[in-house]
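Listed below are the residues making up each chain.
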Amino acid sequence: MPRVPAARNRLVDTPVSGTKRVVLAAPRGYCAGVDRAVVAVEKALEHYGAPVYVRKQIVHNVHVVSTLERKGAIFVDDVAEVPPGAHIVFSAHGVSPAVVQSAADRHLHAIDATCPLVTKVHREAIRFARDDYEILLIGHAGHEEVEGTMGQAPERTTLVNGPADVDSVVVNNPDNVVWLSQTTLSVDETMETVRRLRERFPNLQDPPSDDICYATQNRQVAIKKVAQGADLVIVVGSANSSNSVRLVEVALEYGAKAAYRVDYASEIQQEWLDGAATIGVTSGASVPEVLVQEVLEQLADAGYTSVEEVVTAEEDLMFSLPKELRRDLTGATDARALGGRNRT
């Protein structure tokens, strides 16, 4: 269940060897797909009034979910929980055709907030299945995105959880196999899985373009650079956020002496700061910037007032809103309805 942050306990400024500083990774936080999904729920509430139902968490962040609940969103695990005729938003992680049909059977007014990059993978799965390929989907069992993608062609798709799964993969025709992936995985681990798959299946085909989303890759590149000189890395993000969990792992792999994930600044432990002169900070792709700023305020209490931002990429992409929400309540086209580039 979503939870509210604990009361803030001020961190103590203790001496360390060296100058205390924070290195702040950029890009961080909201990606275009998350922004689109959250705005979709907010606008659905404006258009149709509360309640608006959302299947699963709209994005994997407890703060975002709690905030939308207070505005009138109701999160459900299954469309069977939604009253017939109500409005329902499908989350950024996507759904299978079976879920779409179930919503239609209940005469629900569905708004599809699936990230367009996930939709791209769905279309690839449909096309490859139509062309008689066997699909090896690299991803994590039980993740909503994986369930949605496998549902596009369930009879043609085999899930590969990671490199350790490769030896147990069975295919009918090794000359007609293609790999796809969950969009929020570790780039390095995914490429290692592909390498091992290709050892077993030399004719393994690549997808026409990289499935791991630009935001996931950018955040991993940024934290790799930050981690190299960090005594401690703090990743803001929720436990069920795949890309946030990966950022902790990547930070440790690329030199951080310690790395922890928090939902809220109040979760930072005083002992984490022992001996830490340089602290890296970043956030997952479903995290609003306000949560990062609260972490910086908390660290400032402990003497980390110097903040240096390390920028490894610029992001200005905006995705178009779901078609049902592209006009405001007056009927005028919403300013960000058709997406494009954010120039502000």
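Residues numbered from 1 in each chain as written. Predicted model: local features only at pLDDT ≥ 70, side-chain atom pairs only at ≥ 80, totals over all residues. Heavy atoms only, no water.

Identification of the protein chain as 4-hydroxy-3-methylbut-2-enyl diphosphate reductase from Lysobacter korlensis is taken from an unreviewed UniProt entry. What the UniProt record of the protein chain gives under Sequence similarities (unreviewed entry) is the line "Belongs to the IspH family." (UniProt positions renumbered as here; feature names shortened; annotations may be inferred.)

Caption draft 1: Quick look at the UniProt feature "binding site: dimethylallyl diphosphate" (unreviewed entry) in the protein chain. Under the UniProt annotation, the feature "binding site: dimethylallyl diphosphate" (unreviewed entry) is placed at His60, His93, His143, Ser241, Ser242, Asn243 and Ser286. Mapped onto the elements of the fold, Ser242 is located in helix 8 (residues 242–253). When near neighbours in sequence (up to four residues on either side) are disregarded, Ser242 contacts His140, His143, Gln182 and Thr184. Along the chain, Ser286 falls in the loop between strand 11 (278–283) and helix 9 (289–301). Discounting residues that sit within four places of it in the chain, Ser286 has contacts with Tyr30, Val34, Val59, His60, Asn61, Val64 and Ser241. There is a polar contact of 3.1 Å between the side chain of Ser286 and the backbone oxygen of His60. (Helix = DSSP H or I, 4+ residues; strand = E, 2+ residues; numbered from the N terminus. Contact = heavy atoms within 4.5 Å. Polar contact = N/O pair within 3.5 Å; in protein donor to acceptor, adjacent residues only side chain to side chain.)

Caption draft 2: Geometry of the pairing of strand 7 (residues 157–160). Relative to strand 7, strand 6 (residues 134–138) runs parallel, the two being bridged by four bridges. The partner of Leu137 across the bridge, within strand 7, is Leu159. Regarding topology, helix 5 (residues 144–150) serves as the crossover connection from strand 6 to the parallel strand 7, and that connection is right-handed. (Pairing = 2+ DSSP bridges. Right-handed = clockwise from strand over helix to strand, strands pointing away.)

Caption draft 3: Just the sheet that holds strand 3 (residues 73–76), in detail. The four strands are arranged 3-2-4-5 in an open sheet whose pairing can be described as parallel. Looking at the sheet topology across the chains shown, the edges are occupied by strand 3 and strand 5 (109–112). The sheet shows a mean angle of 30° between the axes of neighbouring strands, direction not considered. Pairing analysis gives four bridges linking strand 4 (residues 87–90) to strand 5, with the strands arranged parallel. (Axes fitted to C-alpha atoms, helices over the stretch in contact; angles between N-to-C directions.)

Caption draft 4: Highlighting the packing of helix 1 (residues 32–48) against helix 2 (residues 62–71). Running from N to C, helix 1 and helix 2 cross one another at 5°; their axes reach a closest spacing of 10 Å. Accordingly, the angle class assigned to the pair helix 1 and helix 2 is roughly parallel. In contact with Val38, Val41, Glu42 and Leu45 of helix 1, helix 2 contributes Val64, Leu68 and Lys71. (Parallel < 35°, antiparallel > 145°, perpendicular 65-115°, else oblique.)

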